[in-house]
Amino acid sequence: MEDQAEKLREIMGRKKEPDESPQVTGQSRGREARKARIITVTSGKGGVGKTNVSVNMALAYARLGKKVVVMDADLGLANVNVMLNIIPKYNLYHVIRKQKTMREILLETDYGISIVAGASGFSQIANLSDEERQNFINELETLSNADIIIIDTSAGVSRSVLDFIAAADDAVIITTPEPTAITDAYGIIKIIASEYEGLNMGLKLVVNRVKTAADAKKVADRMTNIAGQFLNLKVDYLGFIYDDAVVSQAVLRQKPFMVIDPKCKASLCVQHIVDRMEKSEIRETAGFGNMLKRLFGRPS
Ligand SMILES: Nc1ncnc2c1ncn2[C@@H]1O[C@H](COP(=O)(O)OP(=O)(O)OP(=O)(O)O)[C@@H](O)[C@H]1O
Ligand SMILES: [Mg+2]
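The structure displayed is predicted, hence computed values, not measured ones. (Residues numbered from 1 in each chain as written. Chains lettered and ligands numbered in written order. Predicted model: local features only at pLDDT ≥ 70, side-chain atom pairs only at ≥ 80, totals over all residues. Heavy atoms only, no water.)

(A) Broad picture of the overall build of the protein. The secondary structure content of the protein amounts to 13 helices and ten strands. If you take every contact in the protein between residues at least 6 apart in sequence, the share linking residues at least 24 apart comes to 81%. Per element, the accessible surface of the protein, about 13,400 Å² overall, is 51% carbon and sulfur. (Helix = DSSP H or I, 4+ residues; strand = E, 2+ residues; numbered from the N terminus. Contact = heavy atoms within 4.5 Å. Areas by Shrake-Rupley, 256 points an atom, 1.4 Å probe, with all protein chains shown as cover.)

(B) How the structure looks around the nonpolar core. Ranked by internal contacts, the top residues of the largest apolar core, which has 63 residues, are Ile39, Met57, Tyr61, Ile150 and Phe257. Judged by nonpolar contacts, the second largest core, of 23 residues, contains Ala73, Leu75, Leu140 and Ile151. (Core = buried A, V, L, I, M, F, W, Y, C linked by side-chain atoms within 4.5 Å. Buried < 20%, exposed > 50% of the residue type's maximum accessible area, 1.4 Å probe, protein only.)

(C) Seen up close, the pairing of strand β9 (residues 235–242). Pairing between strand β8 (residues 202–210) and β9: seven bridges, direction parallel. Bridge pairing links Val210 to Tyr242 in β9. (Pairing = 2+ DSSP bridges.)

(D) Quick look at the sheet that holds strand β7 (residues 170–175). The strand order across the open sheet built from eight strands is β4-β5-β3-β6-β2-β7-β8-β9, with neighbouring strands paired in mixed fashion. Because the sheet does not close on itself, it has two edges, and the strands there are β4 (107–108) and β9. For strand β3 (residues 68–72) and strand β6 (residues 148–152), the ladder comprises five bridges, and the chain directions are parallel. Opposite Asp72, over in β6, you have Asp152 as the bridge partner. Along the sheet, helix α8 (residues 179–195) contacts β2 (37–42), β7, β8 and β9; its crossing angle with β7, the most-contacted strand, is approximately 160°. (Axes fitted to C-alpha atoms, helices over the stretch in contact; angles between N-to-C directions.)

(E) Looking closely at unusual backbone geometry. Positive phi, normally seen in glycine, also occurs at Arg209, with a value near 65°. Among the secondary structure elements, Arg209 is positioned in strand β8. The partly exposed category is assigned to Arg209, whose relative accessible area is 48%.

(F) Spotlight on the side chain of Ser43. Within the element layout of this structure, Ser43 appears in the loop between β2 and α2 (50–63). Engagement of the side chain of Ser43 in a polar contact is seen with the side chain of Lys50, the distance being 3.0 Å. With near-sequence residues (within four places) excluded, Ser43 lies in contact with Val48, Lys50, Ala155, Gly156, Ile174 and Ile188. (Polar contact = N/O pair within 3.5 Å; in protein donor to acceptor, adjacent residues only side chain to side chain.)

(G) Structural context of the pairing of β2. Among the six residues in β2, six count as buried, and that is most of the element. Residues Arg37, Ile39 and Val41 line one face of β2 and the alternating positions Ile38, Thr40 and Thr42 line the opposite face, and both faces are buried. Alignment of β2 against β6, held across five bridges, turns out to be parallel. In the strand pairing of β6, Ile39 is matched with Ile150. In this structure, β2 lies alongside β7, joined through four bridges in parallel fashion. The residue of β7 that forms the bridge with Thr42 is Ile173.

(H) Structural detail: the site of ligand 1. Of all residues adjacent to ligand 1, which total 19 residues, the nearest are Gly47, Lys50, Thr51, Asn52 and Asn208. In this structure, Gly49 approaches ligand 1 through a main-chain N or O atom, which is 3.0 Å from an oxygen atom. Within the contact set of ligand 1, a nitrogen atom lies 3.3 Å away from a side-chain nitrogen or oxygen of Arg209. Burial of ligand 1 by the surrounding chains reaches 82%, relative to a free accessible area of 640 Å². Judged by the proximity of its atoms to the pocket grid, ligand 1 belongs to the largest pocket. (Near = heavy atom within 4 Å. 1 Å grid on protein atoms, 1.4 Å probe; cavity = no way out; pocket = protein on both sides within 12 Å on 5 of 7 lines; lining within 4 Å. Sits in = over half its atoms within 2 Å of the grid points.)

(I) The layout of surface pockets, seen in detail. A volume near 420 Å³ is recorded for the largest pocket. Together, 24 residues line the largest pocket, and Gly47, Val48, Gly49, Asn52 and Val247 are the ones closest to its centre. Those elements that place two or more of their residues in the lining of the largest pocket are α2, β8, β9 and α10 (245–253). Ranked by the residues each element gives to the lining of the largest pocket, the list is headed by α2, at four residues. (Points joined across faces, edges and corners; volume = space filled by probe spheres on them.)

(J) Main features of the environment of Ile149. Its place among the elements puts Ile149 in strand β6. Residue classification places Ile149 among the buried residues on the basis of a relative accessible area of 0%. Taking the C-alpha atoms as reference points, Ile149 and Arg37, 112 residues apart in sequence, are found 6.2 Å from one another. Beyond its immediate stretch of four places on either side in the chain, Ile149 contacts Ala36, Arg37, Ile38, Ile39, Val69, Leu140 and Leu143.

(K) Molecular detail of the pattern of salt bridges. Evaluation of the coordinates by the stated rule reveals eight salt bridges. Salt-bridge contacts for Lys217 lead to Asp221; the nearest nitrogen and oxygen are separated by 3.0 Å. Taken as a pair, Lys217 and Asp221 lie in helix α9 (residues 213–231) at a separation of four residues, close to a single helical turn. (Salt bridge = Lys/Arg side-chain N within 4 Å of Asp/Glu carboxyl O.)

Next comes the structure, spelled out in structure tokens:
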């Protein structure tokens, strides 16, 4: 087991060098020391805006000159490709089943970002076997020449969502101001807290579909306070996105809202969120390091 873990660490190029400081900022992090920043976007309740946030954050990153891949890890109901009006021939299913490599299924879009299509209607995949999981990690590594990998997950907690969260440098939790969405977001934060004790990842909150910044702040304060008080967990409030009619129009037209109207309220919010993300710390032991620790670092 240890050999395997060591080999994976080498593949990932993530072995800690003696001169590496434990935490560096997104701006100053050396490209050789670390590769792609992995951001997993998740939520407790469904339909709160994960796919819209994932795709449009990717566009905002691309505007900053970053090379971005959006991976649709909703293994039951894939929809990143639908949102972009792309009909993929192959998807994550083929990768996990070793029929294709990640690079073979990677699709360029017209928007300067690449996507990995999800595996629609394949619910068994929700729980990957150890071998499939390991194959998936190896394949994920082949994308690491990207600057940013955004993983759009399904709502709620399944083994695979937890694995995708484990692979992340940052877990971005989306909620709306609705009490049900808030309760479910807290639920997922609680599970992350118990699953990943000792793991080092940035937990970040985005409040979507708000009427005012003050409404969003209220939701965020409540959430971050409860997480701090009851779970001893630091959740960073990353920002909010206004409820904006352009979003549903964009979904209907199968184009990102950042493309339909880069200056609409929702687009400006997403750009702001990405700016904040860029300024936030990346924890040196997060990401693949977390994944390895989860897979090999403790008894199952
Ligand atoms: N900021 C917003 N303003 C207005 N409408 C929004 C906003 N964000 C999301 N929506 C609406 O919510 C719908 C669901 O969004 P989206 O598909 O991104 O959610 P999701 O969390 O990915 O859903 P699922 O859990 O099914 O994967 C969109 O089609 C859009 O109509
Ligand atoms: Mg979705």
